[in-house]
Structure formats: structure tokens, C-alpha cells
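Spelled out from the first residue to the last, the chains are:
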Amino acid sequence: MSGVLDSVAAKCQEAGFPFIVDVSAHGYEMTLGLGLPESFVHVELESGEPPYFITVGDPTAEGVVAFYLHGAHPMEIPRRNLISTPEAVNVARDFLERGERSTSVDWEEV
């Protein structure tokens, strides 16, 4: 799975199109923004029940960035939740391998 994640991240980065991918693993759904220098990771139970968690980069950042779910549906992600894309890919990889949120980044419950 790690290699697939790297491949998708590279293709989205080349295209420069902010894209959201979602992956189900370990009873959770993880969404990851790709295609820009900054990204985010969001984790929630597959059932859709709370709690929901999203990464926090700069808690003082203002504004939003549009990412496109499945390439079509725009979703505005607050800039405060963006981290570097390489860091987000590592966080996502860690989650897929261990089934736990990484402690290398800050998270907030939404």
C-alpha cells in the first residue's frame, strides 16, 4: 500500500491538481489531500460516527484551500490544518501500517 500511496502522491503533484483520496483500513476511513505542496490527513471511523480528527499545521493560519474529492467535488480545507505534503504522506503511510494516528504531528478533533 505504501508504494501505491507514493505513486498517487507523485502523479497528483505533477498535475498540480489538489485531489482528495480516501482509503479504508483498520476500521477507519482516512482522507489525504494531494497535488499541492501542502496537504492534510483526516481520520474517522468507517461507520461515520465521531470522533473525527484532522492534522494541524499552523494554528494561526487563515483562509482555506480547495481540494477536490474524487476530482469533482470541491472541499474547502482550512489552512490551519495543512502540513507539508511529504509529512502528510508519511503520516498516512504510518496510519495504514499501524492503524493509529501518528504522534509526529498535531491533531484536532472536528
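Preceding this section is the structure that the text describes.
Residues numbered from 1 in each chain as written. Predicted model: local features only at pLDDT ≥ 70, side-chain atom pairs only at ≥ 80, totals over all residues. Heavy atoms only, no water.

Caption draft 1: Spotlight on the sheet that holds strand β5 (residues 52-56). Spatial strand order, β7-β6-β1-β2-β4-β5-β9: seven strands in an open sheet with mixed pairing. Looking at which strands have only one partner, the edges of the open sheet turn out to be β7 (73-78) and β9 (106-109). Taken pair by pair, the neighbouring strands of this sheet meet at an average axis angle of 30°, ignoring direction. Along the sheet, helix α2 (residues 85-98) makes contact with β1 (19-25), β2 (28-34), β4 (41-45) and β9, crossing β2 at roughly 160°. (Pairing = 2+ DSSP bridges. Helix = DSSP H or I, 4+ residues; strand = E, 2+ residues; numbered from the N terminus. Axes fitted to C-alpha atoms, helices over the stretch in contact; angles between N-to-C directions. Contact = heavy atoms within 4.5 Å.)

Caption draft 2: Summary view of the pattern of salt bridges. Under the definition given, this model contains three salt bridges. A salt bridge links Arg98 to Asp94; the nearest nitrogen and oxygen atoms lie 2.8 Å apart. Here Arg98 pairs with Asp94, and both are found in helix α2, just four residues apart, close to one helical turn. Connected via shared salt-bridge partners are Asp94, Arg98 and Glu100. (Salt bridge = Lys/Arg side-chain N within 4 Å of Asp/Glu carboxyl O.)

Caption draft 3: Local environment of the nonpolar core. Ranked by internal contacts, the top residues of the largest apolar core, which has 18 residues, are Met30, Leu32, Val41, Val43, Val91 and Trp107. Contributions of two or more residues to this core are made by β1, β2, β4 and α2. Looking at which element gives the most residues to this core, the answer is α2, with six residues. With sequence-adjacent residues up to four places away left out, Met30 is seen in contact with Val21, Asp22, Val23, Val41, His42, Val43, Ala92, Phe95 and Leu96. Residues Ile20, Phe40, Ile54 and Ile77 belong to the second largest nonpolar core, which totals seven residues. (Core = buried A, V, L, I, M, F, W, Y, C linked by side-chain atoms within 4.5 Å. Buried < 20%, exposed > 50% of the residue type's maximum accessible area, 1.4 Å probe, protein only.)

That's the geometry; what it means functionally is another story.
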